[in-house]
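# Topology and contacts: notes
Listed below are the residues making up each chain.
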Amino acid sequence: MPSSTIAGPALAALSSLTPNQLIFIKSLPKAELHAHLNGCVPLSVLHQLAETYDFSKNLLSREEILSGLQTLENFSLDDIHSFFGAFRVIYALISTREALATATRAVLAQFLDDSSNGFPECTYLELRTTPRPIEMLSATEYLDTVLKEVEKYPSNRAALILSLDRRMPVNDDEGKGAAITVGEVIDHAIRLKKEGRRVVGVDLCGDPLAGDMSLLEPFITKAQATGLRITLHIAETTQNSASDTLQLLAYSPSRLGHATFLNEEAKEIVLKQSIAVELCLSSNIICKTVPSLSSHHIGYYLERNHPIAVCTDDTLPFRTSLTAEYALLLASPPLGLGLSQTEVEKIARNSLEVAFLRMET
Ligand code: IMP
Ligand code: ZN
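Residues numbered from 1 in each chain as written. Chains lettered and ligands numbered in written order. Predicted model: local features only at pLDDT ≥ 70, side-chain atom pairs only at ≥ 80, totals over all residues. Heavy atoms only, no water.

The name recorded for the chain in an unreviewed UniProt entry is Adenosine deaminase-like protein, from Lentinula aciculospora. Note on the chain: under the UniProt heading Cofactor (unreviewed entry), the record states "Zn(2+)". Regarding the chain, the UniProt comment filed under Sequence similarities (unreviewed entry) reads as follows: "Belongs to the metallo-dependent hydrolases superfamily. Adenosine and AMP deaminases family." (UniProt positions renumbered as here; feature names shortened; annotations may be inferred.)

### Digging into empty space enclosed by the protein
With the rule as written, the count across this model stands at one cavity of 30 Å³ or more. One number sums up the size of the largest cavity: a volume of about 30 Å³. If you trace the largest cavity, you find it lined by Arg166, Pro208, His233, Ile234, Ala235, Glu236 and Asn240. (1 Å grid on protein atoms, 1.4 Å probe; cavity = no way out; pocket = protein on both sides within 12 Å on 5 of 7 lines; lining within 4 Å. Points joined across faces, edges and corners; volume = space filled by probe spheres on them.)

### Considerations on the packing of helix H16 (residues 322–330) against helix H17 (residues 341–353)
Contact pair H16 / H17: the axes reach a minimum separation of 9 Å and the direction vectors enclose 140°. Compared by their axis directions, H16 and H17 come out oblique. Crossing geometry of H16 relative to H17 is assigned as right-handed. Judged by residue contacts, Tyr326, Leu329 and Leu330 of H16 engage Gln341, Val344, Ile347, Ala348 and Ser351 from H17. Of the residues contributing to the contact of H16 with H17, the split by class is six nonpolar, two polar and no charged. (Axes fitted to C-alpha atoms, helices over the stretch in contact; angles between N-to-C directions. Helix = DSSP H or I, 4+ residues; strand = E, 2+ residues; numbered from the N terminus. Parallel < 35°, antiparallel > 145°, perpendicular 65-115°, else oblique. Left-handed = near helix turned anticlockwise from the far one by under 90°. Contact = heavy atoms within 4.5 Å. Nonpolar A, V, L, I, M, F, W, Y, C, P; charged D, E, K, R; others polar.)

### Brief notes about the site of ligand 1
With respect to spatial proximity, 19 residues lie near ligand 1, and among them Tyr91, Thr129, Thr130, Asp313 and Asp314 are the closest. In this structure, an oxygen atom belonging to ligand 1 sits 3.4 Å away from a side-chain N or O atom of arginine 167. A distance of 3.0 Å separates a nitrogen atom of ligand 1 from a polar atom in the side chain of glutamate 236. Considered on its own, ligand 1 offers 490 Å² of accessible surface; in the complex 99% of this is hidden by protein. Spatially, ligand 1 is embedded in the largest pocket. Taken together, the elements giving at least two residues each to the shell around ligand 1 come down to helix H5 (87–93) and strand E2 (124–129). When its residues are assigned to classes, the shell around ligand 1 shows six nonpolar, seven polar and six charged. (Near = heavy atom within 4 Å. Polar contact = N/O pair within 3.5 Å; in protein donor to acceptor, adjacent residues only side chain to side chain. Areas by Shrake-Rupley, 256 points an atom, 1.4 Å probe, with all protein chains shown as cover. Sits in = over half its atoms within 2 Å of the grid points.)

### A closer look at the coordination of the zinc ion (ligand 2)
Protein-derived ligands of the zinc ion (ligand 2) are His34 (NE2), His36 (NE2), His233 (NE2) and Asp313 (OD), with the metal-ligand distances lying across 2.1 to 2.2 Å. The site at the zinc ion (ligand 2) holds four donor atoms, and with the angles between them running 82 to 169°, its shape is irregular. Motif for the zinc ion (ligand 2), donor spacing along one chain: H-x1-H-x196-H-x79-D. You can see histidine 36 sitting in strand E1 (residues 31–36) and its partner aspartate 313 sitting in the loop between strand E8 (308–310) and helix H15 (315–318), a full 277 residues away along the chain. Across the pair, exposure class does not vary: histidine 36 and aspartate 313 are buried alike. (Donors = N, O, S within 2.8 Å, 3.2 Å for Na, K, Ca; no water. Tetrahedral: all angles 85-135°; square planar, octahedral: opposite > 155°, others 65-115°. Buried < 20%, exposed > 50% of the residue type's maximum accessible area, 1.4 Å probe, protein only.)

### Describing the sheet that holds strand E7 (residues 276–279)
Judged by pairing direction, the sheet is parallel, and its eight strands sit side by side in the order E1-E2-E3-E4-E5-E6-E7-E8 without closing on themselves. Each edge of the sheet is formed by a strand with only one pairing partner; in this case those strands are E1 and E8. The average angle at which neighbouring strand axes cross in this sheet is 25°, direction not considered. Where E1 meets E2, four bridges bridge the pair, whose relative direction is parallel. (Pairing = 2+ DSSP bridges.)

### A look at the nonpolar core
Here is a general trend for soluble globular proteins: nonpolar side chains tend to be buried in one another's company. Among the nonpolar cores identified, the biggest contains 116 residues, and Leu46, Ile65, Leu72, Leu93, Tyr301, Tyr326 and Leu329 are the most heavily contacted of them. Ranked by the residues each element gives to this core, the list is headed by helix H6 (residues 97–112), at eight residues. The contact partners of leucine 93, leaving out residues within four places of it in the chain, are Leu46, Leu49, Ala50, Tyr53, Ile65, Leu69 and Ala99. Judged by nonpolar contacts, the second largest core, of 13 residues, contains Ala31, Ile161, Cys311 and Ala355. (Core = buried A, V, L, I, M, F, W, Y, C linked by side-chain atoms within 4.5 Å.)

### Quick notes on the state of the cysteines
Covalent bonding between the sulfur atoms of two cysteines defines a disulfide. Here the structure, examined in full by the defined rule, presents zero disulfides. This cysteine, cysteine 280, is not joined by any disulfide, and cysteine 311 carries the nearest cysteine sulfur, 5.2 Å off. Owing to a relative accessible area of 0%, cysteine 280 belongs among the buried residues under this scheme. (Disulfide = S-S within 2.5 Å.)

### Some remarks on the side chain of asparagine 350
In this structure, asparagine 350 sits in helix H17. The contacts of asparagine 350, once residues within four sequence positions are left out, are His306, Pro307 and Ile308.

### Thoughts on the environment of aspartate 212
Here aspartate 212 lies in the loop between strand E4 (199–205) and helix H10 (217–225). In terms of polar contacts, aspartate 212 uses its side chain to reach the side chain of serine 214, at 2.7 Å.

### So, the packing of H6 against helix H7 (residues 139–150)
Across the interface, H6 lies against H7 with an axial gap of 9 Å and an inter-helix angle of 35°. In this structure, H6 crosses over H7, and the sense of that crossing is right-handed. Across the interface between the two elements, Arg97, Leu100, Ala101, Thr104, Arg105 and Leu108 of H6 pack against Glu141, Tyr142, Asp144, Thr145, Val146, Glu149 and Val150 of H7. Residues of the contact of H6 with H7, tallied by class, amount to six nonpolar, two polar and five charged.

Structure representation (structure tokens):
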């Protein structure tokens, strides 16, 4: 990813590093475990897709596409709840099999291909995406298109997690013709795993306040019975209730996303069960769920030697990269957390240890 697409706190930390520190970060073997496919498409690829976009389909007008791309380029948010609208233009541009394949290829290359300095952004990528049936592309075709690109890399380099969206109805009765239901996503994940495709887990994401999480139990149990691992976005906002959080923890997830606002009871469960936490520093600061780097809950987990993985979440709107997120660990305060190289190396090692690929063996 060209450094010009990195901005904000991530760029400030990155720019403060010495060349040796930068090489140290880049050469660390590490895993990216929390990256949403459609949130990580390089802006240049979206501009390319906009050039060949068929406006006659009337999904979005030329003005809407251009202003959406401009918003993404200078992304800022009042709060996390206005975040999800940003995907409208991305979804409009990625609405054919060819566009999806192009975008997926670019995301994989961004994380896994060697850059000019001879190092990839990460040694292993667990990419996640929400199966999204679109005109002329069923959910089966969507997943097949993404997996064909993922599977071009060796199995120790890339795998896929299927995301459930909290806004999805659990089944058809409730969905009344909804695009896709929780039950259908789980069935796709199980089918693909049984077919030997590169699917390693199931995620829960989307608007943090949507949906009734108590309805997920039979679906998550069914996925776990097939050997799929579970990761859940949890307690992302102050408005997430304690019962919502405890309900999600009751599903025995292998990892958690964000886990920003856990109460004492929830923290005790996470620590006792040693549930790995995926932490996304720039994402939390830009979404304003964490006021500053120094108050980020990564400090809580580091003090307790708890398993964590530092990840990007959505490189496009948060204008970051995995290297830049690691720069936030190593840079001196106030630009970074000022961790030692030994501590940063340990976090990188940790990320590889909590990968679903590793847990499978
Ligand atoms: P996709 O699943 O590949 O389409 O990636 C984009 C989707 O990921 C968005 O529409 C959201 O549903 C989800 N997503 C991305 N970032 C976040 C986050 O920080 N919290 C919750 N959901 C997210
Ligand atoms: Zn996320």
